[in-house]
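# Reading the structure
Residues per chain, in single letters:
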Amino acid sequence: MRGFCKWILVAGLAALAPGMAQADDFNLSHNQRISCSRGLSPGKLSTATCRSYAYLFNAKTSEYFRCTVSLSMTRDTREVINVQSDGGCSKKARIFDTDGNYSFDVAETEPPNTNSFFGSGGVVLWASDNTQQKVRACVTIPSGIGSDVSRCVDMKFE
């Protein structure tokens, strides 16, 4: 009976091994940004709000997440009155249709910015296939009249 149980365990591990070897690999963007603003409130209160964002990229599926964190602090002339923080990640679409081994980089404008004609600014995400000469760039800008406009372009090598 023990031998049979060991055989079942080995067979089960062997069946799971291919899936385990192909686990997703997540990479965090290396060019995180931070933007801060401050405002005056009635009664000599001042508020400062800072936001930062980064991207988490699935190197196997080319799906990615935009992650944002914010911290807001209100104070008077003597003490900090209120501190609030929030954060989360939102899932975005795949860059490539099939699974593979991909790399990426991303840049985002920080508002207010002269490049942000219709809203909070644009985003460009570059992704490449690590196994072949294949690069795709995806640009997203706010339209100012509804949903964002996004296009991906495959690079041509000459």
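Refer to the preceding data block for the structure.
Everything in this summary refers to the structure shown in the same document.

Each value, and the rule that gives it
- Residues numbered from 1 in each chain as written.
- Predicted model: local features only at pLDDT ≥ 70, side-chain atom pairs only at ≥ 80, totals over all residues.
- Heavy atoms only, no water.
- Salt bridge = Lys/Arg side-chain N within 4 Å of Asp/Glu carboxyl O.
- Helix = DSSP H or I, 4+ residues; strand = E, 2+ residues; numbered from the N terminus.
- Buried < 20%, exposed > 50% of the residue type's maximum accessible area, 1.4 Å probe, protein only.
- Pairing = 2+ DSSP bridges.

## Notes on the pattern of salt bridges
Summed over the entire model, instances satisfying the criterion amount to four salt bridges. Between Glu 63 and Lys 91 there is a salt bridge, with its nearest N and O atoms 3.5 Å apart. Taken together, the positions of Glu 63 in the loop between β3 (45-58) and β4 (64-75) and Lys 91 in strand β5 (residues 80-92) put the pair 28 residues apart, joining distant regions of the chain. When the shortest N-O distance is used, the salt bridge between Asp 99 and Arg 94 registers 2.8 Å. Looking at Asp 99, the relative accessible area reads 43%, which means it is partly exposed. Among the residues examined, Arg 94 registers a relative accessible area of 32% and is labelled partly exposed.

## Some remarks on the pairing of strand β8 (residues 135-141)
Where strand β7 (residues 123-129) lies against β8, six bridges are found, and the strand directions are antiparallel. Looking across to β8, one finds that Ala 127 is bridged to Arg 136. In terms of strand pairing, β8 meets strand β9 (residues 149-154) through six bridges, oriented antiparallel. Among the inter-strand pairings, Val 139 is bridged to a residue of β9, identified as Arg 151.

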